[in-house]
Amino acid sequence: MKNLKEIYAKELLYYWCNLLGEINVPGTERFSSDDPEELPPKQKILYEGWQWEDDPYRRVVSYDGKAAMALELLFDYSWLADIMTIKERNFCARAMGGLLFQAIQKYGQELEARLPNVDILVGEDTDPDGHELLVIVPFDERSRIEEIALEMGDAYSCVEREFFSLCCAVGQIGQQPHSRFSRKPGHQLPPT
């Protein structure tokens, strides 16, 4: 598993299109309106075969100079607020963002163990709305894109489960059986 921020810093990941399918032409400031003729041959094959699916989101990329398909999941703070059922979304959800990222990393490790010949990238706050997890499927593994997408189908429930597990673990930190702050049935706190 690799750190997406480091990948960006080294400029190892180039997005050939956005989520709308608009082509990102290198060296220009423009997006063409989904004209795959502007893509290199391998990226064109990926674009025409898999770009338009959205579960998970798919984007044609070059990763470390090679054609690939990125299967992308965004774990945004509004999703986190929803699973926590909190109303003050920005403050509370962002405060719990570190635990969410740990849960995403754990899920990334599980994916890495199940999915050979792909790269797993995780990014903490790499999107303005939250954290990302990308599975980079090399061009030579393109026949597995649908299989890999199915493997990722439980991502949100797995991350949610791990997130709440981490929350429970953090809630136990500092509690000692004989601490003056813990209470057993029939135990009285010392006077203050």
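Bear in mind that the values here come from a model prediction, so they are computed numbers and not experimental data.

## Describing the pattern of salt bridges
Now for step 1: What the rule picks out here adds up to eight salt bridges.
Now for step 2: The salt bridge involving Glu 141 is made with Arg 144; its shortest N-O contact spans 3.0 Å.
Now for step 3: Given a relative accessible area of 12%, Arg 144 falls into the buried group.
Now for step 4: Salt bridges linked by common partners bring Glu 141, Arg 144 and Glu 147 together as one network.

## Observations concerning the packing of helix 3 (residues 77-84) against helix 7 (residues 155-171)
Now for step 1: It is at 12 Å that the axes of helix 3 and helix 7 come closest, and there the two elements cross at 65°. For helix 3 against helix 7, the interelement crossing comes out right-handed. Contacts between helix 3 and helix 7 involve Trp 79, Leu 80, Ile 83 and Met 84 on the former and, on the latter, Tyr 156, Val 159, Glu 160, Phe 163 and Phe 164.
Now for step 2: Of the residues in the contact of helix 3 with helix 7, the class split is eight nonpolar, no polar and one charged.

## Section: the pairing of strand 5 (residues 57-63)
Now for step 1: Of all seven residues in strand 5, six are buried, a share of seventy percent or more.
Now for step 2: Across three bridges, the pairing between strand 2 (residues 13-15) and strand 5 is antiparallel. Residue pairing in the sheet places Tyr 14 in a bridge with Ser 62 of strand 5.
Now for step 3: The pairing of strand 5 with strand 6 (residues 66-76) spans seven bridges and is antiparallel. Bridge pairing in strand 6 places Val 60 opposite Met 69.
Now for step 4: Linkage of strand 5 to strand 6, two consecutive antiparallel strands, is achieved through a turn of two residues, within which Asp 64 is found at a positive phi near 55°.

## A word on the packing of aromatic side chains
Now for step 1: With the rule as written, the count across this model stands at seven aromatic pairs.
Now for step 2: For the pair Tyr 47 and Trp 52, a centre-to-centre distance of 5.7 Å together with 75° between the ring planes defines the contact as edge-to-face.
Now for step 3: Relative accessible area serves as the criterion here: at 48%, Trp 52 is assigned to the partly exposed category.
Now for step 4: Centre to centre, the rings of Phe 75 and Tyr 156 are 4.8 Å apart; their planes meet at 50°, and the pair counts as tilted. On the criterion of sequence distance, the pair formed by Phe 75 in strand 6 and Tyr 156 in helix 7 is long-range, its members being 81 residues apart.
Now for step 5: For Phe 75, a relative accessible area of 0% gives the class buried.
Now for step 6: The exposure class assigned to Tyr 156 is partly exposed, which follows from its relative accessible area of 29%.
Now for step 7: Clustering of aromatic rings is evident, with ring pairs tying together Phe 75, Trp 79 and Tyr 156.

Rules of the game
- Residues numbered from 1 in each chain as written.
- Predicted model: local features only at pLDDT ≥ 70, side-chain atom pairs only at ≥ 80, totals over all residues.
- Heavy atoms only, no water.
- Salt bridge = Lys/Arg side-chain N within 4 Å of Asp/Glu carboxyl O.
- Buried < 20%, exposed > 50% of the residue type's maximum accessible area, 1.4 Å probe, protein only.
- Axes fitted to C-alpha atoms, helices over the stretch in contact; angles between N-to-C directions.
- Helix = DSSP H or I, 4+ residues; strand = E, 2+ residues; numbered from the N terminus.
- Left-handed = near helix turned anticlockwise from the far one by under 90°.
- Contact = heavy atoms within 4.5 Å.
- Nonpolar A, V, L, I, M, F, W, Y, C, P; charged D, E, K, R; others polar.
- Pairing = 2+ DSSP bridges.
- Phe/Tyr/Trp six-rings, centres within 6.5 Å; stacked < 30°, edge-to-face > 60°.

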